[in-house]
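Structural overview for review
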Amino acid sequence: MDFLFGWLEDWIKQGLIDGIMGQFSGIYDSINSQVMDIASNVGQTPEGWNSGVFSMIRTLSDTAVLPIAGMILTFVLCYELIQLIIEKNNMHEFDTFNIYKWIFKTFVAVYILTHTFDIVMGVFGLAQNVVNGSAGIISGSLEINGEAALAQLQTLLEGMGIWELMGLWLEANILSICLTALTICIFIIIYGRMIEIYLTVSVAPIPLATMANREWGQIGNNYLKSLFALAFQGFLIMVCVAIYAVLVQNIPAADNAHGAIWGTAGYTVLLCFTLFKTGSLAKSVFSAH
């Protein structure tokens, strides 16, 4: 009878160990997949991320937004000309150079408006060079090598009792559920940023049409700041991912399995929180509001 109970205890213990090892292996694979997915999505330009959506946004901007921007530009240039005349004592002190300056300003404003998408894509192209350059530096540290850690964990588990293993198995399942929820949050952050980029790009002609005037130009200037903030947010996201990957590298090798579980959960929550903060931080850096 003792032999039967001993065999049953060993069988339950081995089943719990296999279940915990499977959960940990899945957790490491999930983290690696999640981190690499973030890096690959952030490294895409708006055109490269989804060419179909980009084409639709560009068509909408050219057909629906650009005519309105043209009307705004006409108003701004007329307002600029009126101000120019009034400032020079109703043209009594008018210098011929001023009219040439107004013509040159008009040419530049029309050129900016007709090349809006080239300017916007130039901003994202510049930021993308920075993001891809950083990805090339930190990509080697993004993947967690869990083989040695799992072997060490196997040794720790074999020295535990059944009740402790059951508690650890329950914790591993809770962690798996939490990581799934956090993965959804991170998905929303990364994909939400790309949708925000498309929405911002779609109305680009309107704020850029105001840049010909000193007073109205603040709209265009703030829009460009917001555009740079969105573009360089990708770099901040890459830095967050790199820091997270380095921190998590040491967790699997922890002597305490419980500490490894909740340490992984804590760092993943921290990653999610910092990703949420990258948008406001980028706007703060570029003084955009």
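Residues numbered from 1 in each chain as written. Predicted model: local features only at pLDDT ≥ 70, side-chain atom pairs only at ≥ 80, totals over all residues. Heavy atoms only, no water.

**Details of the side chain of arginine 193**
Put simply, the rule reads: Starting at the N terminus, helices and strands are each numbered in turn, a helix being any DSSP run of H or I of at least four residues and a strand any DSSP run of E of at least two. Per-residue accessibility, obtained with a 1.4 Å probe over protein chains only, is compared with the maximum for each type, and a residue is labelled buried under 20%, exposed over 50%, and partly exposed between these values. Neither His nor the chain ends contribute to the count of charged residues, in which Lys and Arg are positive and Asp and Glu negative. Just to be clear on terms, a salt bridge is a Lys or Arg side-chain nitrogen sitting within 4 Å of an Asp or Glu carboxyl oxygen. What qualifies as a polar contact is a pair of N or O atoms within 3.5 Å, subject to a donor-acceptor requirement within protein and to the restriction that residues adjacent in sequence count only when both atoms come from side chains. Contacts are assigned to residue pairs that have any heavy atoms within 4.5 Å of one another.
Here arginine 193 lies in helix α7 (residues 162-202). Despite its burial, arginine 193 remains without a salt bridge, the nearest opposite charge being carried by glutamate 196 at 7.3 Å. Here the side chain of arginine 193 touches leucine 230 through a polar contact of 3.0 Å, landing on its backbone oxygen. Not counting chain neighbours up to four residues away, the residues in contact with arginine 193 comprise Ile188, Leu230, Ala231, Gln233, Gly234 and Ile237.

**Concerning the nonpolar core**
Selection criterion: We call a set of buried Ala, Val, Leu, Ile, Met, Phe, Trp, Tyr and Cys residues a nonpolar core when their side-chain atoms join them within 4.5 Å.
One finds Val120, Phe124, Ile197, Val201, Tyr223, Leu227 and Ala231 to be the most contacted residues of the largest nonpolar core, which totals 20 residues. Looking at this core, the elements that each hand over two or more residues are α3 (51-87), α5 (116-138), α7 and α9 (217-249). If we ignore the near neighbours within four places in the chain, the residues touching alanine 231 are Val123, Phe124, Ala127 and Arg193. Membership of the second largest hydrophobic core comes to 19 residues, among which are Val42, Leu182, Ile186 and Ile189.

**Concerning the packing of aromatic side chains**
Under the convention used in this document: Ring pairs shown here join Phe, Tyr and Trp side chains whose ring centres sit within 6.5 Å, with only the six-membered ring taken for Trp; geometry is labelled stacked below 30 degrees between planes, edge-to-face above 60, and tilted in between.
The final tally for this structure, using the stated rule, is nine aromatic pairs. Taking the centre distance of 5.2 Å and the plane angle of 65° together, the rings of tryptophan 49 and tyrosine 191 count as edge-to-face. Here tryptophan 49 is found in helix α2 (residues 46-49), whereas its partner tyrosine 191 is found in helix α7, with 142 residues between them in sequence. Taken together through their ring pairs, the aromatic side chains of Trp49, Phe187, Tyr191 and Tyr198 make up a single cluster.

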